[in-house]
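# Notes for the structure review
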Amino acid sequence: MGTRGREIVGMNVDELLKLLNKAFADEWFAYYQYWLGAKVVKGPMKDAVAAELIQHATEELAHADLVANRIIQLGGAPITEPKKWYEWSGCGYNPPNDEYVKTILNQNIDGERCAISYYNDLMKKTKDTDMITYNMVLGILNQEVEHEEDLQALLEDLELMVKRG
Ligand code: FE
Ligand code: FE
Ligand code: MG
């Protein structure tokens, strides 16, 4: 923890740490959901879909890394027990029990939409109080918006293919 770095935060740091740990749990779930989805996905365009899912998994893990670093910087501790991810997570985990491409894509689109809303709220909360977190979240949000669009584009291609044979 950096003392002055923590002092300049203009909001309740414990409250901020809770919000960051919530994001941390969400990122691990997002990572795992993509990682497993890429392995089990079946159906038309599965190779293209799997490649995108793997890329997103890597990016979600990088988000978890950024969030963990910020938590530590503020004197907090990233959640130490994976079983606690369920308690903390806001966006939750959607197990890829149905491996069909469309189902997997829709599950991940739901996850991205939840992440976009969450980070957008977090940006509003930190806008005038914590520029460091704000800036970090801006970078993450940029990628979540990109993720949603990537998945929707794949879904669109898939639907066109199915419709037009
Ligand atoms: Fe993420
Ligand atoms: Fe994402
Ligand atoms: Mg992508």
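Treat the numbers as computed from the prediction; the structure is a model and nothing was measured.

### Quick word on the coordination of the iron ion (ligand 2)
Here the iron ion (ligand 2) is held by the protein donor atoms E60 (OE), E112 (OE), E112 (OE), E144 (OE) and H147 (ND1), which lie 2.0 to 2.4 Å from it. The sequence motif formed by the donor residues of the iron ion (ligand 2) is E-x51-E-x31-E-x2-H. Between the two metal centres, the iron ion (ligand 2) and the iron ion (ligand 1), the spacing is 3.9 Å, with E60 acting as a shared donor. Of this pair, E60 sits in helix α3 (residues 46–73) while H147 is found in helix α6 (residues 131–164), placing the two residues 87 residues apart along the sequence. Relative accessible area serves as the criterion here: at 0%, H147 is assigned to the buried category.

### Quick look at the coordination of the iron ion (ligand 1)
Ideal coordination angles are 109.5 degrees for a metal with four donors arranged tetrahedrally and 90 or 180 degrees for a metal with six donors arranged octahedrally. Coordination sphere of the iron ion (ligand 1), protein contribution only: E27 (OE), E27 (OE), E60 (OE), H63 (ND1) and E144 (OE), at 2.0 to 2.4 Å. One chain supplies every donor to the iron ion (ligand 1), and in sequence these donors are spaced E-x32-E-x2-H-x80-E.

### A short note on the nonpolar core
Counting residues in hydrophobic clusters, the biggest one holds 29 residues, and the most contacted among them are L16, L20, F24, V67, L74, Y119 and L122. Listed by contribution, the elements that provide at least two residues to this core are α2 (13–40), α3, α5 (101–126) and α6. With nine residues, α2 is the single largest residue contributor to this core. In this structure, F24 is in contact with A64, V67, A68, I71, P78, I79 and W85, ignoring residues within four places of it in sequence. Membership of the second largest hydrophobic core comes to 16 residues, among which are A50, L53, I104 and L154.

### Details of the pattern of salt bridges
Inspection of the entire model under this criterion finds eight salt bridges. Notably, a salt bridge pairs R4 with E7, separated by 2.8 Å at the nearest N-O pair. Taken together, the residues span about one helical turn, with R4 and E7 both in helix α1 (residues 3–7) at a distance of three residues. In this structure, R113 engages E148 in a salt bridge whose closest nitrogen and oxygen atoms are separated by 2.8 Å. Taken together, the positions of R113 in helix α5 and E148 in helix α6 put the pair 35 residues apart, joining distant regions of the chain. Here R113 falls in the partly exposed class, since its relative accessible area comes to 39%.

### Considering α6
Under the 1.5 Å per step criterion, the end-to-end length of α6 is 49 Å for 34 residues, consistent within 8% with the ideal 50 Å. For α6, the capping residue at the N-terminal end is D130, with a side-chain oxygen 3.2 Å from the backbone nitrogen of I132.

Here is what the cut-offs are and how they apply
Residues numbered from 1 in each chain as written. Chains lettered and ligands numbered in written order. Predicted model: local features only at pLDDT ≥ 70, side-chain atom pairs only at ≥ 80, totals over all residues. Heavy atoms only, no water. Donors = N, O, S within 2.8 Å, 3.2 Å for Na, K, Ca; no water. Helix = DSSP H or I, 4+ residues; strand = E, 2+ residues; numbered from the N terminus. Buried < 20%, exposed > 50% of the residue type's maximum accessible area, 1.4 Å probe, protein only. Core = buried A, V, L, I, M, F, W, Y, C linked by side-chain atoms within 4.5 Å. Contact = heavy atoms within 4.5 Å. Salt bridge = Lys/Arg side-chain N within 4 Å of Asp/Glu carboxyl O. Expected span 1.5 Å × (residues − 1). Polar contact = N/O pair within 3.5 Å; in protein donor to acceptor, adjacent residues only side chain to side chain.

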